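Analysis of the macromolecular model
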Amino acid sequence: MDPPQASTRTTKSSSINHMFEIKKLTGFVGAEMRGPNLAKGIDEAMAHALREALAVHHMIVLRGQQLSLDGQKSLNSVFGPAMRLPYVKPLDDDPEVIAVLKEAHEVNTGVFGGEWHSDFSFLENPPAGSVLNAIEVPEVGGDTVWSSQAAAYASLPRNLKAIVDHHKAVHVGAPYGVKHAPPKEDQANGSIQMSRGDPNADREILHPSVITDPASGAKALFLNPIYTTRFDGISDNESRPILDAIYKHATRPDFSCRLRWQPGDVAVWNNRTTLHYATNDYDGTRRLLYRTTYSAAPPA
Ligand code: SIN
C-alpha cells in the first residue's frame, strides 16, 4: 500500500484560481482543496489540478463554493461526460441532475444512499465518479462517509483475496438492489422518486471484483453491498458469507473519511475506488444536495 502523502501541498495554478492547498483528511481517502473559487471558471490548469487531486485522494471537497447548477455541471465535465441514470427521477428541467432531498417532515424513514454502496454498479458502465453540491444541510448530522476500496483491497486477508482475484461479481439493480438490500422502510425516502421495471437496472451484469483505477494505477475492490448478489461461478448462498466478510473489512473505520457538510460545499469522488454512505441522523431538518455523475471507460 502506498504510504500516506504529505498532508499539505501548495501549487500555483492559473490567474483565475491563484494558489491552492491540498489537505489530506485521513490516511487513505479524502482531501480538502483550499483556495479555488470554481464559480469564477475552471481553466485547464485548474482542471488538471482537480483531476490530479482526485486521482491521489479518491474524494476531494472544496468548501464554500456556492456553485449554481451550471457551475456544478462545469465541474462535473472536468472529470468526464455527464451521465443520465435509470431508476431515480432527475430534476424536471435537467435530466443530468438528481436532487438528493429529505424533507423535515420525513421522519423514521430511510435516506437515499443510506447503506454502503457505490453508485449504480448494476449498469454495464457505472458512473466513474459523482459530484455532490450541498445546498441546504443540517447544522449537525447528514454527514457522508467514504471508504477507500484501494486500502481495503491492499489489506484484504489472503483467503478473500484469492476469491476476488479469480471471480468476477454479479450486480443487479432490481428490485432496488438485491434480496439482501435493506428493508423497504430503510430504503430511499419519499422525496426521491424511484422507478421500477427499468430494463437497464433489472438484469445481471458481471464486473471484475477487483479493478485497476486508470487515474492512479491503484487496484481496488469493486463490490457493492446493495447490488452485488454473488460471485460468478459461486452460488448465492455460498457467496453471501464471503461477501459479508469482505464488506466488514471494506467498511472499516480505518479506511474511511467522514465529511461534515456546510452549505456551499462541493465534493467529488471516484465511484470505482470508494464506497460511500449517507448518514441518517437529522430527522426534522431539511437536507438538499444536487448530484451529478460522469462516465469513463467501463471498470476493468
Ligand atoms: C449518494 O449516495 O449519492 C448520496 C450521498 C449523500 O446524500 O450523502
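Residues numbered from 1 in each chain as written. Predicted model: local features only at pLDDT ≥ 70, side-chain atom pairs only at ≥ 80, totals over all residues. Heavy atoms only, no water.

Quick look at the nonpolar core
Rules: For our purposes a nonpolar core is just a set of buried Ala, Val, Leu, Ile, Met, Phe, Trp, Tyr and Cys residues, chained together by side-chain atoms within 4.5 Å. The rule is simple: take the accessible area with a 1.4 Å probe, protein chains only, and divide by the maximum for that residue type; under 20% is buried, over 50% is exposed, in between is partly exposed. Working definition: helices are DSSP H or I runs of at least four residues, strands are E runs of at least two. Numbering for both runs from the N terminus. Contacts are assigned to residue pairs that have any heavy atoms within 4.5 Å of one another.
Ranked by size, the top nonpolar core spans 27 residues in total, and within it Met59, Val88, Phe120, Phe122, Trp146, Trp261 and Ala267 carry the most contacts. Those elements that place two or more of their residues in this core are strand 4 (59-62), strand 5 (98-102), strand 6 (129-136), strand 13 (256-259) and strand 14 (266-270). Discounting chain neighbours no more than four positions away, the residues touching Ala267 are Met59, Ile60, Val61, Ser130, Val131, Leu132, Trp146, Leu259 and Trp261. Residues Ala31, Met33, Ala47 and Leu50 belong to the second largest nonpolar core, which totals 22 residues.

Topic: the site of the ligand
Selection criterion: To be near a molecule or strand, a residue needs just one of its heavy atoms within 4 Å of it. Two N or O atoms form a polar contact when they lie within 3.5 Å of each other; inside protein one atom must be a possible hydrogen donor and the other a possible acceptor, and for residues adjacent in sequence the pair counts only when both atoms belong to side chains. Per-residue accessibility takes into account occlusion by the displayed protein chains alone, with areas from the Shrake-Rupley method and a 1.4 Å probe. All amino acids are sorted into three groups, where Ala, Val, Leu, Ile, Met, Phe, Trp, Tyr, Cys and Pro are nonpolar, Asp, Glu, Lys and Arg are charged, and the leftover types, Gly among them, are polar.
Close to the ligand lie Val100, Gly113, His117, Asp119, Leu132, Thr144, His276, Ala278, Arg287 and Arg291. In this structure, His117 approaches the ligand through a side-chain N or O atom, which is 3.0 Å from an oxygen atom. Between an oxygen atom of the ligand and a side-chain N or O atom of Thr144, the distance comes to 2.5 Å. Relative to its free-state accessible area of 260 Å², the ligand is covered by the protein chains to the extent of 100%. Grouping the constituent residues of the shell around the ligand by class yields three nonpolar, four polar and three charged.

What about the packing of helix 1 (residues 44-57) against helix 2 (residues 69-79)?
Cut-off, in case you're wondering: To obtain an axis, a line is fitted to C-alpha atoms, over the contacting stretch when the element is a helix, and the angle between two such axes runs from 0 to 180 degrees between their N-to-C directions. Each angle is binned into one of four classes, with values under 35 degrees roughly parallel, values over 145 roughly antiparallel, values of 65 to 115 roughly perpendicular, and all other values oblique. In a left-handed crossing the near helix is turned counterclockwise from the far helix by less than a right angle, and in a right-handed crossing that turn is clockwise.
The interhelical angle for the contact between helix 1 and helix 2, taken along N-to-C directions, is 65°, at an axis separation of 9 Å. In terms of their interaxial angle, helix 1 and helix 2 are classed as roughly perpendicular. With respect to the hand of their crossing, helix 1 and helix 2 are arranged in right-handed fashion. Residues Ala47, Leu50, Arg51 and Leu54 of helix 1 pack against Leu75, Val78 and Phe79 of helix 2.

Description of the side chain of Lys24
Inspection of the secondary structure assignment puts Lys24 in strand 2 (residues 19-24). Side-chain polar atoms of Lys24 contact the backbone oxygen of Thr26, separated by 3.4 Å. Here the side chain of Lys24 touches Gly27 through a polar contact of 3.0 Å, landing on its backbone oxygen.

Things to note about the pattern of salt bridges
To be explicit about the condition: Any carboxyl oxygen of Asp or Glu that lies within 4 Å of a side-chain nitrogen of Lys or Arg is treated as forming a salt bridge with it.
Following the criterion strictly, the structure yields 17 salt bridges and no others. The salt bridge partner of Arg286 is Glu103, with a shortest N-O separation of 2.9 Å. A residue pair is termed long-range when its members are at least 10 positions apart, and Arg286 in the loop between strand 15 (274-278) and strand 16 (287-294) and Glu103 in the loop between strand 5 and strand 6 qualify at 183 residues. Assessed through its relative accessible area of 22%, Glu103 is described here as partly exposed. Counted as one network, the salt bridges with shared partners bring together Glu21, Glu32, Arg34, Arg63 and Asp265.

Quick look at the packing of helix 4 (residues 158-166) against helix 5 (residues 236-250)
The geometry of helix 4 relative to helix 5 is characterised by a closest axis approach of 11 Å and an angle of 115° between their N-to-C directions. In terms of orientation, helix 4 lies roughly perpendicular with respect to helix 5. The hand of the helix 4/helix 5 crossing is left-handed. Here Leu160, Ile163 and Val164 of helix 4 lie close against helix 5, whose contacting residues are Ile242, Ala245 and Ile246. Of the residues contributing to the contact of helix 4 with helix 5, the split by class is six nonpolar, no polar and no charged.

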